[in-house]
Amino acid sequence: MRSYQGGCHCGAVKVVFENAVVPADLEIRSCGCGFCTRHGARTITDPAGHLELHAAGDAAMIYRFAMGITDFIICRACGCYMGALMEDDDDLFGIVNSRMLDDRGCFDGAATSRDYSAEDEEGRRARRRATWTPVTWRHDTDVA
Ligand SMILES: [Zn+2]
């Protein structure tokens, strides 16, 4: 496993992305939805990897739209878009915005543009179960 640390600009939300393949083999996706486009997000995922998100206290703000099944994690203080999470059958899956990683330069290849607007909820959940990364999401108030 390779491990990449990162965080938002102010440091209140941290991320660790572990993935099983070399960066060059990870698809970098630029989703065409209005949210990702506005953020210029370049997301990555590895279903064989692991994603940990860690927010100090209530540092993270969750934004939902459209189907309402996805939590878009944004730092309340500095506005960085960290990544997105989806709960499904008590499992949590996610993607990370590669811009938030310290080694973001490893993921600066051409992004694949994706348009998921034709999916229904069942199709979206199935795709994410297969392609998104298992997540640990820690946002308790005990975090230093
Ligand atoms: Zn921040």
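Further up the page is the structure itself.
Each value, and the rule that gives it
- Residues numbered from 1 in each chain as written.
- Predicted model: local features only at pLDDT ≥ 70, side-chain atom pairs only at ≥ 80, totals over all residues.
- Heavy atoms only, no water.
- Core = buried A, V, L, I, M, F, W, Y, C linked by side-chain atoms within 4.5 Å.
- Buried < 20%, exposed > 50% of the residue type's maximum accessible area, 1.4 Å probe, protein only.
- Helix = DSSP H or I, 4+ residues; strand = E, 2+ residues; numbered from the N terminus.
- Contact = heavy atoms within 4.5 Å.
- Polar contact = N/O pair within 3.5 Å; in protein donor to acceptor, adjacent residues only side chain to side chain.
- Donors = N, O, S within 2.8 Å, 3.2 Å for Na, K, Ca; no water.
- Tetrahedral: all angles 85-135°; square planar, octahedral: opposite > 155°, others 65-115°.

### Considering the nonpolar core
Formed by 24 residues in total, the largest nonpolar core has its most connected members in Val-13, Phe-17, Ile-44, Leu-53, Met-82, Leu-101 and Trp-137. Listing elements by their share of this core, those giving two or more residues are β2 (13-19), β5 (50-55), β7 (71-75), β8 (81-88) and β11 (133-138). Those residues in contact with Phe-17 that lie beyond four places of it in its chain are Arg-2, Ser-3, Tyr-4, Leu-26, Ile-44, Thr-45, Asp-46, His-50, Leu-51, Val-96, Leu-101 and Thr-133. Ile-69, Ile-74, Tyr-81 and Ala-84 belong to the second largest nonpolar core, which has 12 residues in total.

### Focus on the side chain of Arg-124
Examined against the element boundaries, Arg-124 turns out to sit in helix α2 (residues 121-131). On the basis of relative accessibility, which here comes to 14%, the residue Arg-124 falls in the buried class. Polar contacts involving the side chain of Arg-124 include one to the side chain of Glu-119, which spans 2.9 Å. With residues near it in sequence (within four places) discarded, Arg-124 still touches Met-67, Ile-69, Tyr-116, Ser-117 and Glu-119.

### Quick look at the side chain of Thr-45
Inspection of the secondary structure assignment puts Thr-45 in the loop between β4 (43-44) and β5. With a relative accessible area of 13%, Thr-45 lands in the buried category. Polar contacts involving the side chain of Thr-45 include one to the main-chain carbonyl oxygen of Thr-131, which spans 2.7 Å. For Thr-45, the side chain forms a polar contact with the side chain of Thr-133, separated by 2.7 Å.

### Here's the deal with the environment of Val-22
For Val-22, the location among the structural elements is in the loop between β2 and β3 (29-31). Relative accessible area serves as the criterion here: at 33%, Val-22 is assigned to the partly exposed category. When the C-alpha positions of Val-22 and Arg-125 are compared, they lie 26 Å apart, and in sequence the two are 103 residues distant.

### A word on the coordination of the zinc ion
Around the zinc ion, the protein contributes the donor atoms Cys-8 (SG), Cys-10 (SG), Cys-75 (SG) and Cys-78 (SG), at 2.2 to 2.4 Å from the metal centre. The site at the zinc ion holds 4 donor atoms, and with the angles between them running 104 to 119 degrees, its shape is tetrahedral. One chain supplies every donor for the zinc ion, spaced along it as C-x1-C-x64-C-x2-C. With relative accessibility at 41%, the residue Cys-10 sits in the partly exposed group.

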